[in-house]
Amino acid sequence: MLMAHPAVLRNLVQQYEALLFLHAEEGDAEVRQRMDDIAYTLCVSTGTADVDAALIAARHQLPGARPEDDSLLTA
């Protein structure tokens, strides 16, 4: 499997988390589509089937990730 560059993964995670923080899922169609696009790209980039798994996988692929990384504890 090809692996995304860490800078790309970091950017995708940051964008997705920013949209979550802003409650983009409640926004207009264009904003929701952007969130869906980022989620899809994260899934493809990490070889996962859902965005929660993609976020965890992306965090573990970033430099400095540890086995006890707190991303495993996210809800």
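Details of the structure are given in the entry above.
Rules and cut-offs
- Residues numbered from 1 in each chain as written.
- Predicted model: local features only at pLDDT ≥ 70, side-chain atom pairs only at ≥ 80, totals over all residues.
- Heavy atoms only, no water.
- Helix = DSSP H or I, 4+ residues; strand = E, 2+ residues; numbered from the N terminus.
- Polar contact = N/O pair within 3.5 Å; in protein donor to acceptor, adjacent residues only side chain to side chain.
- Contact = heavy atoms within 4.5 Å.
- Expected span 1.5 Å × (residues − 1).
- Buried < 20%, exposed > 50% of the residue type's maximum accessible area, 1.4 Å probe, protein only.
- Arc of directions from axis to C-beta.

## Examining unusual backbone geometry
Look at His23: it is not a glycine, yet its phi comes out positive at around 55°. Among the secondary structure elements, His23 is positioned in the loop between α1 (6-21) and α2 (29-46).

## Concerning the side chain of Thr46
Relative to the assigned elements, Thr46 resides in helix α2. A polar side-chain atom of Thr46 sits 2.9 Å from a polar atom in the side chain of Thr48.

## Regarding the side chain of Ser45
Along the polypeptide, Ser45 turns up in helix α2. Residues within four places of Ser45 in sequence aside, it is in contact with Ala4, Leu9 and Leu12.

## Here's the deal with α2
One turn of an α-helix holds 3.6 residues; hence residues three or four places apart share an orientation. Here α2 contains 18 residues, and its C-alpha end-to-end distance of 26 Å stays within 8% of the 26 Å for a straight helix at 1.5 Å per residue. Among the residues of α2, those classed as buried are Met35, Ile38, Ala39, Leu42, Cys43, Ser45 and Thr46. If you follow the buried residues of α2, they end up packed against α1 and α3 (51-61). Capping of α2 at its N-terminal end is provided by Asp28; its side-chain oxygen lies 3.2 Å from the backbone amide nitrogen of Glu30.

## Things to note about α1
Under the 1.5 Å per step criterion, the end-to-end length of α1 is 22 Å for 16 residues, consistent within 8% with the ideal 22 Å. Residues of α1 that are buried include every one of Leu9, Leu12, Val13, Tyr16 and Leu19, and no others. Looking straight down α1, one finds its buried side chains confined to an arc of 130°; they lie on one side. Trailing α1 by a residue or two, His23 shows a phi angle of about 55°, which is positive.

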